[in-house]
Amino acid sequence: MNAPQPISELRRQLQTARAALHDGYHDPEQALQLLEQEASLVDAFLAERWANLTVDPRTALIAVGGYGRGQLFPGSDIDLLILLPEERPATTLAAIEQFVGMLWDLGLEVGHSVRSQSDCLEEAARDITVQTTLLETRLLAGSSAAFAALNQAMQQALDPRAFFEAKLLEQQQRHERHQGSVNKLEPNVKEAPGGLRDLHLILWLARACKAGHDWDSLHRAGMLTGQELRKLKRAEKMLCSFRIALHLTAGRREDRILFDYQNALAQRFGYSETSASRASEQLMAVYYLSARIVAQLQPLLVQAFRRKLYGKKQLDIRQLNERFVARGPLLEIAEPDVYEAQPSAILETFLLLQQHSELTGIGADTLRALWHARPRINAAFRRDPVNQALFMQIVRQPWGTTRVMRRMNQYGVLGRYIPAFGKIVGRMQHDLFHVYTVDEHILMVLRNLRRFATPAFNHEYPFCSQLIETFERSEVLYLAALFHDIGKGRGGDHSQLGKVDARDFCVTHGLAKDDTELVAWLVEHHLTMSHVAQKQDVYDPDTVAAFAQLVRDQRHLTALYLLTVADIRGTSPKVWNAWKAKLLEDLFHATRRYLAGETLNTMDALGLRREEAMTLMRRYGLRDDAHLGLWKTLDAVYFLRHDASEIAWHARILHSRYQEQDIKVRARLSDSGEGLQVLVYCADRPDLFARICAFFERAGYSIFDAKIYTTLQGYALDSFYVYNADERDTEYRDLIGYIEYELAQQLASDAPLPPPLSGRLSRALRHFRLPPQVLIRPDDKQKLHILSLVAGDRPGLLSRIARVLSAHGVAIHSAKIMTLGERAEDTFTISGAALSEPKSLVRLEADLLETLRI
């Protein structure tokens, strides 16, 4: 008898064998074959080790879970059940402990349980996960009788209906953790909607319902057509290939298709960059297509299982019209050939879902018929006035618009009816702030607009709800939402491309001329209000007047405001904040007053602002003449840049101390309700802005607005709005004292500026670099210059910019800091001799570009 091989040698053999499988894997078409080969390799290895054990002959080594399915991914755990007889012999337990320890020594990631049959039944009764795991088992070694007895006992104990409902609830909760979206930019290939877990669910339910154990058996049972079978198998193969490639690329179990891996995966799959799209975008388009097929077909099978478990007879049937019936809560076609005979019924399906709120979904047979009828949506279908009228009815319905638009997109109807929309389905957005694909973002914007109009959500955005309540023909807003980003990915300005598409659509669908022009205008200018609010001074009468001339009337203003709020909210949960909300609302109110005839010249506006500030100062208990000394040191520019609340607050702090030499730093909760407003008053110095930026960066605060002003006496009177997403209002209050003391101490020091922060780049920026942009131009009045910067955001960016400007002798008068996810778009009002000399201007731009470059 040969001596047993050393553990190190066994480990090397196993690693070599698995590596050979991985090295030989290049074709995604071989994904399922690799999983089976990997499982078979480990099967043989475990069986050989088990054969050397001395255990009770009634003991069994069983593969469970995914491994029990006969598939093993490169980085997955090897899930094992060691089934014991009820009396648990001590010698067997000792041998098993040694066996499991050896598996870990061999480098196998083992997930194991040691149970008797009664233990298994007890655990399965308590835990749906254990019950699910024991549905998929394979005997690796040991007692076949014990294995068969366990399977028989599990089948007898299984309550198919309870299992069915529990797994659907589990799926619902899992989908909610992933925002119910197939189209996340970094999806989880296993857990996300449309992922592998949704496929596993079908097979679990099939086993529980005794409907089959694989796709072919479901096809033989009549639950899948031949075409559906092929599509589902193809989707499974592609999803498995993604997960395999992730594990091999990451060198461990990793199920998220993170930005870190997308380029490497694209290369592994053989994609290369083209003029139209990145290689990673082509890769992700394949993923989204596969996930969408799963998301489309899974409901058909789930309903088929429900019908098998519960039957049809207990559901009431109501005739809705000659084409459709309601079977309980589900909408169904009255005859199998409805869609073939009357293609317009395709759109009517979704209209009826809106009109009958008691309907929660579409019956399986109807879904299948709808899915196969999609090719009937062609150019002739789109030109048919009946279909055009049906689509507009869907848009105009008071309820369910978002829900049915999502269904239309999920089932491939929306992209066929609006071909331009079909081109952006599953399209990635590597702009560093959108977290959804273009189609998903568009539907999020539509959802936001619909929530404004839904009384149940009035508490979320009361002002938006108030505006939309009196907005006539709100369908123009929903159409603008559908088309606002539809031009992306075609090259050129997507706003202009979308404007053309929107106008053509509105004309063919019979909208009035004014409404057609409004929709086209909204698509063209959907970014304008955001840019004005966040990059210009919304308290400057000239800014307001220019914006008012663009919007022209109250209807255009209201529509653009509502679309802008919905759009920003639909990019990413991290992009919106109360400061942006305040800027947009202040711009809206100022523009509305202008349009109502309250046009003031600059002097009138200054006078009004001073009066408002004095009213506020009286509330602070200041004498009517308390501000006079301070105000003598301020010119008209100060009053134009600051609103009445800021002016009054400054006067309250400085009215009796503006001639003192010491540094004054004061902070308060901002009017927007988020973050802090910080006042700095001290003798001006060239590097002051850079020092302040460096302090806030090291304290973990982001600056999103700064107003830089120098008094007639040479003092800096600067206001900063800072924000930390991790803090709550109570914590801001606690930190006010810290900021006031520590920042004053920093500014009093003559020590050199600390080096800029050099924190880690975000994952998105590491893999999708944003080329920096620098633009310097004179302002409209030819007195100052506007510096516009676009770059990937990173720690220390603002202070780096400030250092460059200081080194070139450029003074900053105001700063608008706009951070969109990982993208920084900053605008500065600046002055300095370097700006008027071409050579020095070129050097400044070059230095800024070098600083912004990652």
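Quick note: structure is the one above.
Since the model is a prediction, treat every value here as computed from it, not as a measurement. (Residues numbered from 1 in each chain as written. Predicted model: local features only at pLDDT ≥ 70, side-chain atom pairs only at ≥ 80, totals over all residues. Heavy atoms only, no water.)

Asker: Residues and numbers for the overall build of the protein chain, please.
Answerer: Scanning the protein chain from terminus to terminus reveals 39 helices and 16 strands. Expressed along its principal axes, the backbone C-alpha trace of the protein chain runs to roughly 100 × 75 × 55 Å. Within the protein chain, the fraction of its 854 residues that count as buried is 55%. Taking the intrachain contacts of the protein chain between residues at least 6 apart in sequence as the baseline, contacts between residues at least 24 apart amount to 71%. Within the structure as shown, the protein chain displays about 36,500 Å² of accessible surface, and the carbon and sulfur contribution to it stands at 50%. Here the protein chain contributes 103 positively and 105 negatively charged side chains, and the mean placements of these two sets differ by 2 Å. (Helix = DSSP H or I, 4+ residues; strand = E, 2+ residues; numbered from the N terminus. Buried < 20%, exposed > 50% of the residue type's maximum accessible area, 1.4 Å probe, protein only. Contact = heavy atoms within 4.5 Å. Areas by Shrake-Rupley, 256 points an atom, 1.4 Å probe, with all protein chains shown as cover. Lys, Arg positive; Asp, Glu negative; His and termini not counted. Charge placed at Lys NZ, Arg CZ, Asp CG, Glu CD.)

Asker: Account for the side chain of Glu825, with residues named and values stated.
Answerer: By the element assignment, Glu825 lies in strand E16 (residues 823–831). A relative accessible area of 8% places Glu825 in the buried class. Reaching out from Glu825, the side chain makes a polar contact with the side chain of Lys535 at a distance of 3.0 Å. (Polar contact = N/O pair within 3.5 Å; in protein donor to acceptor, adjacent residues only side chain to side chain.)

Asker: How would you sum up the packing of aromatic side chains? Please name residues and give values.
Answerer: Scanning the entire structure with this criterion turns up 22 aromatic pairs. Seen in terms of ring centroids, Phe695 and Phe696 are 5.4 Å apart; in terms of plane orientation they differ by 70°. Their pairing is edge-to-face. Overall, the relative accessible area of 8% leaves Phe695 in the buried class. The ring of Tyr67 carries the charged tip of Arg138 above its face, separated from the ring centre by 5.1 Å. (Phe/Tyr/Trp six-rings, centres within 6.5 Å; stacked < 30°, edge-to-face > 60°. Lys NZ or Arg CZ within 6 Å of the ring centre and 35° of its normal.)

Asker: I'd like a rundown of the environment of Ile202, residues and numbers included.
Answerer: When you line up the elements, Ile202 lands in helix H9 (residues 196–208). A C-alpha to C-alpha distance of 50 Å links Ile202 and Gly796, two positions 594 residues apart in sequence. Filtering out sequence-adjacent residues up to four positions away, Ile202 remains in contact with Trp215, Leu218, Gln298, Leu301 and Phe305.

Asker: Before we move on, could you go through the sheet that holds strand E8 (residues 361–362) and cite the residues and values that matter?
Answerer: In a beta sheet, neighbouring strands are held together by backbone hydrogen bonds and run either parallel or antiparallel to one another. Strand order in the open sheet formed by four strands is E5-E6-E7-E8, with mixed pairing between adjacent strands. Of all the strands in the sheet, just strand E5 (317–319) and E8 have a single pairing partner and so form its edges. As paired strands, E5 and strand E6 (residues 324–327) are joined by three bridges and run antiparallel to one another. Residue pairing in the sheet places Gln319 in a bridge with Val325 of E6. (Pairing = 2+ DSSP bridges.)

Asker: Please set out the environment of Pro754 residue by residue, giving values where relevant.
Answerer: Inspection of the secondary structure assignment puts Pro754 in the loop between helix H36 (729–748) and helix H37 (763–767). For Pro754, a relative accessible area of 28% gives the class partly exposed. As a C-alpha pair, Pro754 and Ala690 span 64 residues in sequence and 10.0 Å in three-dimensional space. When neighbours within four sequence positions are excluded, Pro754 is seen to be in contact with Ala694, Arg698 and Arg803.

Asker: Describe the side chain of His526, with residues and values.
Answerer: Turning to its location among the elements, His526 is positioned in the loop between helix H26 (513–524) and helix H27 (528–535). With a relative accessible area of 1%, His526 lands in the buried category. For His526, the side chain forms a polar contact with the side chain of His494, separated by 3.3 Å. Beyond its immediate stretch of four places on either side in the chain, His526 contacts His484, Asp485, His494, Ser495, Leu560, Leu563, Thr564 and Asp567.

Asker: Lay out the pattern of salt bridges with the relevant residues and their values.
Answerer: Inspection of every chain in the model, using the stated rule, returns 50 salt bridges. Across the pair Glu29 and Lys237 runs a salt bridge whose closest N-O atoms are separated by 3.2 Å. Here the residue Glu29 occupies a position in the loop between helix H1 (7–23) and helix H2 (31–51), and Lys237 occupies one in helix H11 (residues 226–250), the gap between them amounting to 208 residues. Put simply, Arg174, Glu191, Arg197 and Asp198 are held in one network by salt bridges that share partners. (Salt bridge = Lys/Arg side-chain N within 4 Å of Asp/Glu carboxyl O.)

Asker: Go over the environment of Gly700 with me, naming the residues and quoting the values.
Answerer: Here Gly700 lies in the loop between helix H35 (688–699) and strand E11 (702–707). Along the primary structure Gly700 and Val722 are separated by 22 residues, whereas in three dimensions their C-alpha atoms are 9.8 Å apart.

Asker: Give a detailed account of the sheet that holds strand E2 (residues 78–84), specifying residues and quantitative values.
Answerer: The four strands lie next to each other as E3-E2-E1-E4, forming an open sheet whose pairing is mixed. Taken across any chain shown, the strands that pair with only one partner, and hence form the sheet edges, are strand E3 (110–116) and strand E4 (137–142). Direction aside, the axes of adjacent strands within the sheet are offset by 25° on average. Bridge count between strand E1 (residues 60–64) and E2: four bridges; the pairing is antiparallel. Bridge pairing links Leu61 to Ile82 in E2. Sitting on the sheet, H2 is in contact with E1, E2 and E4, with an inclination near 30° to E4. Together, E1, E2 and E4 form the strand contacts of helix H7 (residues 144–157), whose direction differs from that of E4 by roughly 155°. (Axes fitted to C-alpha atoms, helices over the stretch in contact; angles between N-to-C directions.)

Asker: For the packing of helix H8 (residues 160–177) against helix H13 (residues 279–310), give the residues involved together with the corresponding values.
Answerer: Interaxial distance between H8 and H13 falls to 10 Å at its minimum, and their mutual angle equals 155°. Relative to H13, the element H8 lies roughly antiparallel. Of the two elements, H8 crosses H13, and the hand of that crossing is left-handed. On the side of H8, the interface is formed by Pro160, Arg161, Phe164, Glu165, Leu168 and Gln171, while H13 contributes Gln298, Val302, Phe305, Arg306, Leu309 and Tyr310. Grouping the amino acids of the contact of H8 with H13 by side-chain chemistry returns seven nonpolar, two polar and three charged. (Parallel < 35°, antiparallel > 145°, perpendicular 65-115°, else oblique. Left-handed = near helix turned anticlockwise from the far one by under 90°. Nonpolar A, V, L, I, M, F, W, Y, C, P; charged D, E, K, R; others polar.)

Asker: Explain unusual backbone geometry residue by residue, including any values.
Answerer: Phi at Arg88 is positive, roughly 50°, even though this residue is not glycine. Position of Arg88 relative to the elements: it lies in the loop between E2 and helix H4 (90–105). Residue Lys210 is not a glycine yet carries a positive backbone phi of 55°. The residue Lys210 is located in the loop between H9 and helix H10 (215–220) in this model. A relative accessible area of 59% places Lys210 in the exposed class.

Asker: Just give me the short version of helix H22 (residues 438–452), but keep the residues and values in it.
Answerer: Look at H22: 22 Å from first C-alpha to last across 15 residues, which is about the 21 Å you get at 1.5 Å a residue. Among the 15 residues in H22, 13 count as buried, and that is most of the element. (Expected span 1.5 Å × (residues − 1).)

Asker: Lay out the pairing of E3 with the relevant residues and their values.
Answerer: Bridging between E2 and E3 involves seven bridges; their strand directions are parallel. The residue bridging Leu84 from the neighbouring strand is Ser116, located in E3. What joins E2 to E3 is H4, and the crossover it makes is right-handed. (Right-handed = clockwise from strand over helix to strand, strands pointing away.)

Asker: Describe the pairing of strand E12 (residues 715–723), naming the residues involved and giving the relevant values.
Answerer: In terms of burial, E12 is a largely internal element, eight of the nine residues being buried. Here strand E10 (residues 676–683) pairs with E12 via eight bridges, running antiparallel. In the sheet register, Val680 faces E12, and the bridge partner there is Asp718. Looking at chain direction, E11 and E12 are connected through five bridges and run antiparallel. By the bridge assignment for E12, Lys707 is matched with Ser719.

Asker: Got a sec to walk through the nonpolar core? Specific residues and values, please.
Answerer: Counting residues in each nonpolar core, the largest one holds 158 residues, and the members touching the most others are Phe305 and Phe391. Broken down by element, this core gets its largest block of residues, 16 residues, from H13. Those residues in contact with Phe391, other than ones at most four positions away along the chain, are Leu347, Met405, Met408, Leu414, Tyr417, Ile418, Leu482 and Phe505. Counting residues in each nonpolar core, the second largest holds 49 residues, with Leu747, Leu797, Ile830 and Leu844 among its members. (Core = buried A, V, L, I, M, F, W, Y, C linked by side-chain atoms within 4.5 Å.)

Function-wise, these values are silent; they only describe arrangement.
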